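# Structure assessment
Okay, here's what each chain looks like letter by letter:
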Amino acid sequence: MPRYKLVIEYDGTRFSGWQRQASDPSVQQSVEEAVEAFCGHAVRLHCAGRTDAGVHATHQVAHVDLDKEWRTDVVRDATNARLKALVPVSVLSAESVPDDFDARISARRRYYIYRILDRRAPPALERNRVWHVPVRLDHEAMDRAAKALLGKHDFTTFRAAECQANSPIRTLDRLDVRREGGEIVIYTHARSFLHHQVRSIVGSLKMVGAGRWPEEKMGAVLAARDRSQCAALAPSCGLYLAGVDYE
């Protein structure tokens, strides 16, 4: 069966997450049903990273097997024709890939960004797309504190209790905090992440930015390997899956 790689963007606000659910709407179900509407048979999408409820994507990657060859522009456009009237999901591109390509297993690096709007007034146009923090944060202190988490570590402190990964060991290749216009943007990438790892880290960095934690506490919290030492989880609305690399 021909295999296609899809690059997908979506606003995750109304979804229960990427993964298909028994009753709640998911991104996976929306795209699968759109593909099925034009190809005429049931399909199953496999993605690079399962995003949680409310998390967005500017560059999610998935693969799907179809029962015959289609032009890639037809796969993209026919899927979007079904999606655009129903849900905030768009297939940016489609390409033919070898049978051994797997959107999850073949991925070598995943990129996330997290957006914080740190001003008194709440957002109107960006509601549900940023974390609104109504006090000014010290992004430079946050960036300095973030550097304690770079490299290979046991990230138990920043791991969700329900995480199903076999090991809490991960290697964080980038964690930068930047002020861009009126908001703070946090950039991170690694080969893989633990469940809630990014949101846990952002929640703790916010404590530094607000002056409630000293910068050096981030290293101590990491070394504790104790989930109870983590700050409150940052909300899902500010998180975006922004890219996936393959060899």
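For the structure, see preceding data.
Residues numbered from 1 in each chain as written. Predicted model: local features only at pLDDT ≥ 70, side-chain atom pairs only at ≥ 80, totals over all residues. Heavy atoms only, no water.

## Focus on the packing of helix α1 (residues 27-39) against helix α2 (residues 72-83)
Where α1 contacts α2, the two axes come as close as 8 Å, and the packing angle between them is 115°. Between α1 and α2, the angle is such that the two are roughly perpendicular. Judged by the twist between their axes, the crossing of α1 over α2 is right-handed. Residues S30, V31, A34, V35, A37 and F38 of α1 pack against V75, A78, T79, R82 and L83 of α2. Taken together, the residues that form the contact of α1 with α2 break down as eight nonpolar, two polar and one charged. (Axes fitted to C-alpha atoms, helices over the stretch in contact; angles between N-to-C directions. Helix = DSSP H or I, 4+ residues; strand = E, 2+ residues; numbered from the N terminus. Parallel < 35°, antiparallel > 145°, perpendicular 65-115°, else oblique. Left-handed = near helix turned anticlockwise from the far one by under 90°. Contact = heavy atoms within 4.5 Å. Nonpolar A, V, L, I, M, F, W, Y, C, P; charged D, E, K, R; others polar.)

## Digging into the environment of L83
Here L83 is to be found in helix α2. Separated by 50 residues in the primary sequence, L83 and E33 have C-alpha atoms spaced 8.9 Å apart. Not counting the four nearest positions on each side in its chain, L83 is found in contact with S30, V31, A34, V89 and V91.

## So, helix α4 (residues 197-209)
Along an α-helix, a turn takes 3.6 residues, which lines up residues three or four apart on a common side. In this model α4 runs 18 Å from its N-terminal to its C-terminal C-alpha over 13 residues, within 8% of the 18 Å that 1.5 Å per residue would give. One or two positions beyond α4, positive phi appears at G211, with a value near 80°. (Expected span 1.5 Å × (residues − 1).)

## What about unusual backbone geometry?
Leaving glycine aside, a negative phi is the common case for residues, and trans is the common case for peptide bonds. Within the chain, N128 stands out as a residue other than glycine whose phi angle is a positive 70°. As for its placement among the helices and strands, N128 is situated in the loop between β5 (107-117) and β6 (131-132). Taking relative accessible area as the criterion, N128 reaches 40% and is therefore assigned partly exposed. Notably, H196 is not glycine yet its phi reads approximately 70°, a positive angle. Inspection of the secondary structure assignment puts H196 in the loop between β9 (183-190) and α4. (Buried < 20%, exposed > 50% of the residue type's maximum accessible area, 1.4 Å probe, protein only.)

## A closer look at the side chain of R159
Residue position: R159 is located in the loop between β7 (151-154) and β8 (169-180). One buried charge, R159, has no salt-bridge partner; the nearest side chain with opposite charge is D154, at 6.5 Å. Apart from the residues lying within four places of it in its own chain, the contact partners of R159 are A165, N166, S167, P168, L194, H195 and R227. (Lys, Arg positive; Asp, Glu negative; His and termini not counted. Salt bridge = Lys/Arg side-chain N within 4 Å of Asp/Glu carboxyl O.)

## Here we look at the side chain of E32
Relative to the helices and strands, E32 is located in helix α1. For E32, a relative accessible area of 1% puts it in the buried group. Within the structure, the side chain of E32 is placed 2.9 Å from the backbone nitrogen of L45, a separation counted as a polar contact. In contact with E32, not counting residues within four places along its chain, are R20, V43, R44 and L45. (Polar contact = N/O pair within 3.5 Å; in protein donor to acceptor, adjacent residues only side chain to side chain.)

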